[in-house]
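# Summary of the model geometry
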Amino acid sequence: MMLGPTTMKGLSLRILKAVEKRGEVSLAEAIQLATPCHGSHVDQYPLALLIEDDYLGLTIHHNPPTGAEEMREFSLATMLHMFSLPKNEDGVIHYLGIRSSGGIKPENERVFLKAKGALYLDEHRKKFWDRLWSFLLGFSAGLLAAIAAAWVKGQLKLP
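Okay, so let's go over this structure. (Residues numbered from 1 in each chain as written. Predicted model: local features only at pLDDT ≥ 70, side-chain atom pairs only at ≥ 80, totals over all residues. Heavy atoms only, no water.)

### What to know about the pairing of strand E5 (residues 110-113)
Bridge analysis of strand E1 (residues 24-26) against E5 gives three bridges, and the strand direction is antiparallel. If you follow Ser26 over to E5, its bridge partner there is Arg110. In this structure, strand E2 (residues 56-58) lies alongside E5, joined through three bridges in antiparallel fashion. For Leu56, the partnering residue across the bridge sits in E5 and is Leu113. (Pairing = 2+ DSSP bridges. Helix = DSSP H or I, 4+ residues; strand = E, 2+ residues; numbered from the N terminus.)

### A word on the pattern of salt bridges
In this structure the tally under the stated criterion is seven salt bridges. A salt bridge links Arg22 to Glu29; its shortest N-O distance comes to 2.9 Å. For Arg110, the salt bridge identified is with Glu24, shortest N-O distance 2.9 Å. Within this pair, whereas Arg110 is found in strand E5, its partner Glu24 is found in strand E1, the two being separated by 86 residues in sequence. The exposure class assigned to Arg110 is partly exposed, which follows from its relative accessible area of 24%. Owing to a relative accessible area of 35%, Glu24 belongs among the partly exposed residues under this scheme. (Salt bridge = Lys/Arg side-chain N within 4 Å of Asp/Glu carboxyl O. Buried < 20%, exposed > 50% of the residue type's maximum accessible area, 1.4 Å probe, protein only.)

### Some remarks on the sheet that holds E1
Here three strands make up an open sheet; going across it, the order is E1-E5-E2 and the pairing antiparallel. The open sheet terminates on both sides in strands that have one partner only, identified here as E1 and E2. Ignoring which end each strand starts from, the neighbouring axes of this sheet average 25 degrees apart. (Axes fitted to C-alpha atoms, helices over the stretch in contact; angles between N-to-C directions.)

### Looking at a nonpolar patch on the surface
Taken together, the side chains of Phe128, Trp129, Trp133, Phe135, Leu136, Leu137, Phe139, Leu143, Leu144 and Ile147 define a hydrophobic patch exposed on the protein surface, amounting to about 1100 Å² of accessible area. Mapped onto the elements, Phe135 comes out in helix H5 (residues 115-156). On the basis of relative accessibility, which here comes to 54%, the residue Phe135 falls in the exposed class. (Patch = residues over 30% accessible without salt bridge, like charges linked within 9 Å, V, L, I, M, F, W, Y side chains within 5 Å. Areas by Shrake-Rupley, 256 points an atom, 1.4 Å probe, with all protein chains shown as cover.)

Below, the structure is given as structure tokens:
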């Protein structure tokens with residue numbers, strides 16, 4: 001499912017804005033932006049979806065394991081979560097039957113804003129200001145109409 005201008009909410013939007021504000025963040029920081037609600041890979045879905053849908057870029061290339069090509073988001077969320085887990089005494093991370101002893105350090109990798117993400121945030125801001133101005137103009141028009149009606153009623157002394 002593609003995220004779109006009307007569907008992105010909450011955590012995904014917060015992650016996107018945080019990356020935009022700083023230009024780029026370390027992968028470790030991006031992983032920590034997720035609120036740990038589940039304590040599993042599920043917490044990393046917002047970041048994984050932003051990366052898979054090309055709103056954000058990542059300096060490492062993610063290749064899902066053979067047979068999981070149709071589950072890229074699951075695979076990426078799992079990989080991201082594994083970066084947040086401590087290694088055992090042998091320097092290995094175990095999660096969901098996956099064993100990782102890789103040498104990638106999330107603090108050395110970067111997450112950055114891509115064109116699609118920048119365009120989304122521009123559109124999001126534009127819609128915010130359009131809604132705010134519409135509200136203010138509508139409120140002002142209603143207030144002026146009420147004042148004009150009261151003035152006319154007071155001038156004409158209608159019952």
